[in-house]
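This is what each chain is made of:
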Amino acid sequence: MFKKPVDVKTVQRLSGADKKKLRRTAKERFPQASDADLDAILPPKGEITLAKYPNHALVYAIEGEFPMIFNIDARGHDLFPTVYALWKVPHLLPAFMLKGGEVSRYVIGGADLMFPGISIPPEGFPSFEAGQPWAVKVPGNPAPIAVGITTMSSTEALKAGLRGKALRILHYYRDMLWDSADGRYVPNEGFFEDIVVEDPNFVSTSQSPDSAEGTPEVTHESEDATVDSSGTADPGVHNEGTEEITDGINELKLPENKSTEQAPDEKEHQNLTTEEIDSLLDKCLLQALYTSIKEKDFPMPGSTLWSNHILPCRPPGVTLDIKKSSHKKLSKWLQSKSSSGLISAKEDKYKKEVILLGINRKHPDYMAFKPEKRVQEPVEQEKAVAESSVTKQLEVAEIYKPSSHVKPIFMAVEADMEKYYSASEASDVVFRYIEKENLVKPTDKAKVILDVTLCDALYKGAIKKGSAYPTEIHKKDLGSTLLNRMQVHHKVTRGTQEVIRKGAIRTIQIMTERRQGNKKMTRLSGLECFLMDPDSLASELQKKFACSTTTAELPGKKGQYEVLVQGGVIDDLAKHLVDHYGVPKRYIEVYDKTKR
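Since the model is a prediction, treat every value here as computed from it, not as a measurement.

(A) Structural context of the overall build of the protein. Of regular secondary structure, the protein possesses 19 helices and 23 strands. Evaluated residue by residue, the protein yields a buried proportion of 46% over its 596 residues. Across the protein, every contact between residues at least 6 apart in sequence was considered, and the portion connecting residues at least 24 apart equals 62%. For the protein, the computed accessible surface area is about 30,800 Å², with 49% contributed by carbon and sulfur atoms.

Shown next as structure tokens:
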């Protein structure tokens, strides 16, 4: 998408209304992003510029700084974060982890990512749909190096034997979009210094990362370059200079938000002794074992433990560097904790990484530790309450109620049978039962042995007569199997209104058809599911589209209404529901019967 230099057609500043609209669209596109995450990439008080490219791409940038968001269709809905945005908020997108430097060499040369180049985690291949945005990372470094879009779903990929193209790369480190910021890099003083890289394929950089000069030029003779299963490039790709770019990947670090003046306690923490660092490492590990690591997370790679659990437990203002400890390496530190009996771990010789297998919760250090309670600042809480009361954001959640099938599991761990559970909460219940009954398979920590109670809860009545019941189940399949045995409900919340209904939520249907005289009429139904008043919406649409609107009760469906709008406003109507009422696009079905 941004392989070759392209002159920008126009650059303009966004108005306040357009900035709010962009933020709403980004929130819908990246549902896992918090308000603070969006503030980091789209600052509310900062100026945002929009650059339009001849190839129909739109790029949103913080004025005077870096490009943060782009889309490839000029409509502004299918947004993608740039690598600059992902360096600020790494969890904005899910990410594929590459097998090593040989694959990354081609990805940052503009080649698409093939499934054989992806490292499959111990918990199994992640779930995804076709057309979703995903990032690309290299082992040992949380800083993403590329952004792309999935070409097929995970189900289709598994059926194909994990062969073929996984990700169409749209933007990557040091392409023309990255270079549009004049080659500027995130300032060195803002980098984390606590990233451990044990991948032998990486080499150190010979070029200063924040230097705009000397950036290698990468030329491509083929626009559709891909990496095949052997890790080699398609012959159509000319990779001169790519090796030099790859050399800099190991230097990618994530920025921390620091003020211009360093706080006194932050200065104090910069001169920790080796013994103090060892003590801090142990404290962060115990805090993570208590607060964020659950039984269903095992087996867990050491790099995941470090980046997702250990680092978030650091005290504010502290830079935690494993290299300055007495252990020097993450693997040696984890092996020492395993030798002491606090955790169980083993070394994966193929991946050259230590894998965490379990926790000894009866260990003296674990039992003597008192975890810290971190409370959200009152100012942030008041701000969140104020924003939610003003915007009346729509929230739709699928929830589950225990059925008679799973009742023994819930009763065994004293879980409330009358409560509604989210998917993750229901999974926690079954993993509590597994931990209580010690059902994790000793020879394979990724699998669970099925006792009579758990087997009946998951499979009784679902197995064909004469077929044998399974004796074990993989951890990654346990949650979905349990949910299939529970009663599905959905909860819709808008402002202070909240409704819980049985079954999966119905979609809003928008249909355009022709009437007498070849005139178009657009029908809109299903509004009640999202707590929207048909009469109020009809009045609003009459003014918006300058046309006549009416409401009518659906035949045979008491209490369900449809809104009829004169004209073929199917696309604008769907966009209005998304932008102004917060209805997720996946809950809107569009049918255009006027097309032949």
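(B) Quick look at helix α18 (residues 534–545). Under the 1.5 Å per step criterion, the end-to-end length of α18 is 16 Å for 12 residues, consistent within 8% with the ideal 16 Å. If you check which residues of α18 are buried, you get Pro-534, Leu-537, Ala-538, Leu-541 and Phe-545. Projected down its long axis, α18 carries its buried residues within an arc of 100 degrees, all on one side. Buried residues along α18 sit against β20 (520–525), β21 (549–553), β22 (561–566) and α19 (570–581). With its phi angle positive at about 50 degrees, Ala-546 sits one or two positions after the end of α18.

(C) Representation of the side chain of Asp-278 within the structure. Structurally, Asp-278 can be placed in helix α9 (residues 274–291). Buried within the structure, Asp-278 lacks any salt-bridge partner; its nearest side chain of opposite charge belongs to Lys-328, at an N-O separation of 8.6 Å. Aside from chain neighbours lying at most four places away, what touches Asp-278 is Ser-325, Ser-326 and His-327.

(D) Summary view of the sheet that holds strand β19 (residues 508–514). Read from one edge to the other, the open sheet built from 5 strands follows the order β21-β22-β20-β19-β23, with strand pairing classed as mixed. Two strands bound the open sheet, and with one partner strand each, they are β21 and β23 (588–592). Across the sheet, the mean angle from the axis of one strand to that of its neighbour is 20 degrees, orientation sign disregarded. Note that β20 and β22 share 5 bridges and pair antiparallel. Residue pairing across strands places Ser-525 opposite Glu-562, the latter belonging to β22. The strands touched by α18 within the sheet are β20, β21 and β22, with β21 carrying the most contacts at an inclination of about 160 degrees. α19 rests against β19, β20 and β23 of the sheet, and its axis sits at about 175 degrees to β23.

(E) Fine view of the packing of aromatic side chains. Summed over all chains, the structure comprises 16 aromatic pairs. For the ring pair Trp-87 and Tyr-173, a centre distance of 6.0 Å and an interplane angle of 65 degrees mean the geometry is edge-to-face. With Trp-87 in helix α3 (residues 83–88) and Tyr-173 in the loop between β10 (165–172) and α6 (176–179), this pair connects stretches of sequence that are 86 residues apart. Look at Trp-87 and you get buried, because its relative accessible area is 1%. With centroids separated by 5.6 Å and ring planes inclined at 85 degrees, the aromatic side chains of Tyr-173 and Trp-178 adopt a geometry described as edge-to-face.

(F) Region of interest: the sheet that holds strand β13 (residues 353–359). Read across the open sheet, the 3 strands follow the order β11-β13-β12; overall the sheet is antiparallel. The outermost strands of the open sheet, each flanked by one partner alone, are β11 (300–301) and β12 (343–348). Note that β11 and β13 share 2 bridges and pair antiparallel. Paired with Pro-301 across the strands is Ile-355, a residue of β13.

(G) A look at the side chain of Glu-513. By the element assignment, Glu-513 lies in strand β19. Separated by 2.8 Å, the side chains of Glu-513 and Arg-523 make a polar contact.

(H) Examining the nonpolar core more closely. Ranked by internal contacts, the top residues of the largest apolar core, which has 62 residues, are Ile-41, Tyr-60, Val-107, Leu-113, Phe-115, Val-136 and Ile-145. Sequence-distant contacts of Ile-41, that is, excluding residues within four places in its chain, are made with Ile-62, Met-68, Ile-69, Ala-85, Val-89 and Leu-92.

(I) Quick peek at the pairing of strand β8 (residues 133–137). Along β8, 5 of the 5 residues are buried, which leaves the element largely enclosed by surrounding structure. Direction of pairing for strand β6 (residues 95–97) relative to β8: parallel, over a ladder of 3 bridges. Bridged to Met-97 within β8 is Lys-137.

(J) Seen up close, unusual backbone geometry. A cis geometry characterises the amide bond from Phe-298 onward to Pro-299, with omega recorded as -5 degrees. You can see Pro-299 is positioned in the loop between α9 and β11. Unlike most non-glycine residues, Leu-531 shows phi in positive territory, near 55 degrees. Here Leu-531 shows up in the loop between β20 and α18. Residue Leu-531 is classed as buried on the basis of its relative accessible area, which comes to 16%.

(K) Spatial organisation of the state of the cysteines. Taken as a whole, this structure holds 0 disulfides when the rule is applied. A disulfide-free cysteine, Cys-313 has its sulfur positioned 6.1 Å from the sulfur of Cys-284, the nearest such atom.

(L) Main features of the pattern of salt bridges. Counted by the stated rule, this structure contains 17 salt bridges. In this structure, Glu-435 and Arg-361 form a salt bridge, with 3.3 Å as the shortest nitrogen-oxygen distance. In this pair, Glu-435 is assigned in helix α15 (residues 423–437) and Arg-361 in the loop between β13 and α12 (364–368), connecting sequence segments 74 residues apart. Using a relative accessible area of 25% as the deciding quantity, one classes Arg-361 as partly exposed. Members of the salt-bridge network, linked through shared partners, are Glu-513, Arg-515, Arg-523 and Glu-562.

Cut-offs used in this document
- Residues numbered from 1 in each chain as written.
- Predicted model: local features only at pLDDT ≥ 70, side-chain atom pairs only at ≥ 80, totals over all residues.
- Heavy atoms only, no water.
- Helix = DSSP H or I, 4+ residues; strand = E, 2+ residues; numbered from the N terminus.
- Buried < 20%, exposed > 50% of the residue type's maximum accessible area, 1.4 Å probe, protein only.
- Contact = heavy atoms within 4.5 Å.
- Areas by Shrake-Rupley, 256 points an atom, 1.4 Å probe, with all protein chains shown as cover.
- Expected span 1.5 Å × (residues − 1).
- Arc of directions from axis to C-beta.
- Lys, Arg positive; Asp, Glu negative; His and termini not counted.
- Salt bridge = Lys/Arg side-chain N within 4 Å of Asp/Glu carboxyl O.
- Pairing = 2+ DSSP bridges.
- Axes fitted to C-alpha atoms, helices over the stretch in contact; angles between N-to-C directions.
- Phe/Tyr/Trp six-rings, centres within 6.5 Å; stacked < 30°, edge-to-face > 60°.
- Polar contact = N/O pair within 3.5 Å; in protein donor to acceptor, adjacent residues only side chain to side chain.
- Core = buried A, V, L, I, M, F, W, Y, C linked by side-chain atoms within 4.5 Å.
- Disulfide = S-S within 2.5 Å.

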